[in-house]
Amino acid sequence: MDTMKAIRVDVCGAAEQMSVKEVPLPQPGAGEVRVKLKACGINLIDTYHRSGLYPLSLPTGLGCEGAGLVDALGEGVDDLNKGDRVGFAMAMGAYAEAIVLPRAALVKIPAGVSDEEAAAVLLKAMTVDYLFNDTCPLTGGETVLFHAAAGGVGLIACQWAKQKGVNLIGTASTQAKCDLAVSHGAEACLLSDDPELSDKLRAHATDGFPVVYDSVGRSTYRLSLGLLAPLGTFVSFGNASGPIDAVVPGELALSGSLYFTRPTLATHMARLGWMQASADRIFGLIEAGHLTVDVNQRYPLSDVVRAHNDLEGRRTTGSSVLIP
Ligand code: NDP
């Protein structure tokens, strides 16, 4: 039987729980496509799956984002050919040499975008797309706060905000990361461990921020809450420092009749036609020169433990990919 290399997790826990296994090459069923992966995007959500914060049934593969070449077609798939370049986001099992997915989960990659760029951008930029265009639609001119501005999602947010005419004020843990965020379009970026961070952020939005995009979670929740304008929206979309323990409705009232939302990309992917429309917007921005995909870390599949340790250890900027 044909086999492939894939990352497997038998028991949730630290990065060392991941190992490369030789597993059967998956075969596409009706309506499915097998993709030979050229690059697999690494996302912080993969560490939540690995650690058990977001529970999966075990044993499991990992990895939600990737791109490569169509190499086998299931019955009834007649709008793709072997060799076509395709990408995907929010699937499961991308840390592998190949993956089988429903046709509807794939988007074609245009000529102006490389496989590696597609693997590094789709999930992260679709996240920015719904955050800026759906969760709290930004029209330009707003000043918003965005934590972890030099990360994978962060550097895309900086560029998309600039393109929309939004003043994005970022936070990051080092001056080099802050400089990177500013060079990607952030209006300003402040050190997250600055003891005067709250005052310095408030100087950028004296009446408070209309929206705070907070993917850091536990360690930034209080700060973010205190910086919102009356009727502002707290967008909690990640747990880099751990999940928020509890949201107390009375605190939202006292802080100015705030709105609190905890969105996820999965909800938007389930909307009919949204994924393809979002991919079109993203590829359009790349091809127009408004969005650069920063693949700042590359690892062979066998180095997945180091890749997760680097991401969780805050040693990365922009996007990271595994090369199978
Ligand atoms: P990043 O590349 O942004 O890496 C995470 C960053 O979080 C780190 O680089 C670090 O930046 C910051 N951070 C702050 N505190 C901590 C901490 N205690 N431990 C580790 N990192 C910390 O990751 P991604 O681009 O993959 O994802 C960014 C965020 O967006 C994640 O929280 C992720 O879960 C979320 N997300 C949510 C989605 C949704 O639909 N809800 C979809 C996609 C992503 P620094 O060193 O500057 O502090």
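Residues numbered from 1 in each chain as written. Predicted model: local features only at pLDDT ≥ 70, side-chain atom pairs only at ≥ 80, totals over all residues. Heavy atoms only, no water.

Turning next to the domain arrangement of the protein. Taken as a whole, the protein is organised into domain 1 (3-121 + 266-323) and domain 2 (140-262). Relative placement of domain 1 and domain 2: their C-alpha centres are 28 Å apart. Taken together, the contacts link 17 residues of domain 1 with 18 residues of domain 2. Taken together, both faces of the contact between domain 1 and domain 2 bury some 1300 Å²; the carbon and sulfur share is 59%. On inspection of domain 1 and its partner domain 2, the count reaches zero salt bridges. At the junction of domain 1 with domain 2, the criterion picks out ten residue pairs in polar contact (both at pLDDT 80 or more). A per-class count over the side of domain 1 that touches domain 2 returns eight nonpolar, seven polar and two charged. (Domains from an automatic or database assignment. Contact = heavy atoms within 4.5 Å. Buried area = accessible area lost by both parts, 1.4 Å probe. Salt bridge = Lys/Arg side-chain N within 4 Å of Asp/Glu carboxyl O. Polar contact = N/O pair within 3.5 Å; in protein donor to acceptor, adjacent residues only side chain to side chain. Nonpolar A, V, L, I, M, F, W, Y, C, P; charged D, E, K, R; others polar.)

Within helix α1 (residues 44-51), six of the eight residues are buried, leaving the element largely enclosed by the surrounding structure. Every buried residue of α1 is accounted for by I45, D46, T47, Y48, H49 and R50. Check the buried side of α1 and you find it contacts β1 (3-9), β2 (18-24), β3 (32-42) and α10 (304-312). (Buried < 20%, exposed > 50% of the residue type's maximum accessible area, 1.4 Å probe, protein only. Helix = DSSP H or I, 4+ residues; strand = E, 2+ residues; numbered from the N terminus.)

Residues in close proximity to the ligand total 27 residues, the closest being Y48, Y130, S173, K177 and L265. A distance of 3.0 Å separates an oxygen atom of the ligand from a polar atom in the backbone of S215. The backbone of P263 places a nitrogen or oxygen atom 3.1 Å from a nitrogen atom of the ligand. Starting from 910 Å² of accessible surface for the ligand in isolation, the protein chains cover 92%. Only α1, α2 (115-135), α3 (152-164) and α10 provide two or more residues apiece to the shell around the ligand. A total of three residues in the shell around the ligand trace back to one element, the largest contributor, which is α2. Considering only residue class, the shell around the ligand consists of 13 nonpolar, ten polar and four charged. (Near = heavy atom within 4 Å. Areas by Shrake-Rupley, 256 points an atom, 1.4 Å probe, with all protein chains shown as cover.)

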